[in-house]
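Each chain, written out:
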Amino acid sequence: MSLDRIRLARKRTIGTNQTTKALQQSLAKQVYVARDADARVIQPVLSLAQERGVPVLWVDTMKQLGKACGIEVGAATAAILEE
């Protein structure tokens, strides 16, 4: 699974709160979710993405997603925003 799009995105969110806000404001074009994240944390993001018709890409680990986003810690979710 390639993380190049999120790595190269000029506008993105990192973390569940920011991703949720982007989805609520219809700014997210694509959502990334870590498979090892706590289900209760990612479920609201998954529901909102499905409701808004935003595609979801799964990443194996939170660490991989965080690294792709340029942070030192793991991330449960991230999103590419409209430019």
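Scroll up to find the structure.
Note that the coordinates shown come from a computational prediction; the quantities given were computed from them, not determined experimentally. (Residues numbered from 1 in each chain as written. Predicted model: local features only at pLDDT ≥ 70, side-chain atom pairs only at ≥ 80, totals over all residues. Heavy atoms only, no water.)

Student: Residues and numbers for the overall build of the chain, please.
Tutor: Counting its secondary structure elements, the chain contains four helices and four strands. Over its C-alpha atoms the chain spans a radius of gyration of 11 Å, differing by no more than 12% from the 12 Å that the globule rule assigns to 83 residues. The buried share of the chain, reckoned over its 83 residues, is 42%. Expressed as a percentage of contacts within the chain between residues at least 6 apart in sequence, the contacts between residues at least 24 apart total 77%. Side-chain charges of the chain comprise 12 positive and 8 negative groups, with the mean position of each set lying 4 Å from the other. (Helix = DSSP H or I, 4+ residues; strand = E, 2+ residues; numbered from the N terminus. Rg over C-alpha atoms; globule rule 2.2 N^0.38 Å. Buried < 20%, exposed > 50% of the residue type's maximum accessible area, 1.4 Å probe, protein only. Contact = heavy atoms within 4.5 Å. Lys, Arg positive; Asp, Glu negative; His and termini not counted. Charge placed at Lys NZ, Arg CZ, Asp CG, Glu CD.)

Student: Give a detailed account of the pairing of strand 2 (residues 28-34), specifying residues and quantitative values.
Tutor: The buried fraction of strand 2 is high, at six of seven residues. Pairing of strand 2 with strand 4 (residues 77-81) involves five bridges; the strand directions are antiparallel. Looking at strand 4, one finds that Tyr 32 is bridged to Ala 78. Pairing between strand 2 and strand 3 (residues 56-59): four bridges, direction parallel. Opposite Val 33, over in strand 3, you have Trp 58 as the bridge partner. (Pairing = 2+ DSSP bridges.)

Student: If you had to explain the environment of Leu 23 to someone new, which residues and values would you point to?
Tutor: Considering the arrangement of structural elements, one finds Leu 23 in helix 2 (residues 16-24). Since its relative accessible area comes to 1%, Leu 23 is described here as buried. Through-space distance from the C-alpha of Leu 23 to that of Ala 79 is 8.7 Å; in sequence the pair is 56 residues apart.

Function cannot be inferred from these measures alone, as they are strictly geometric.
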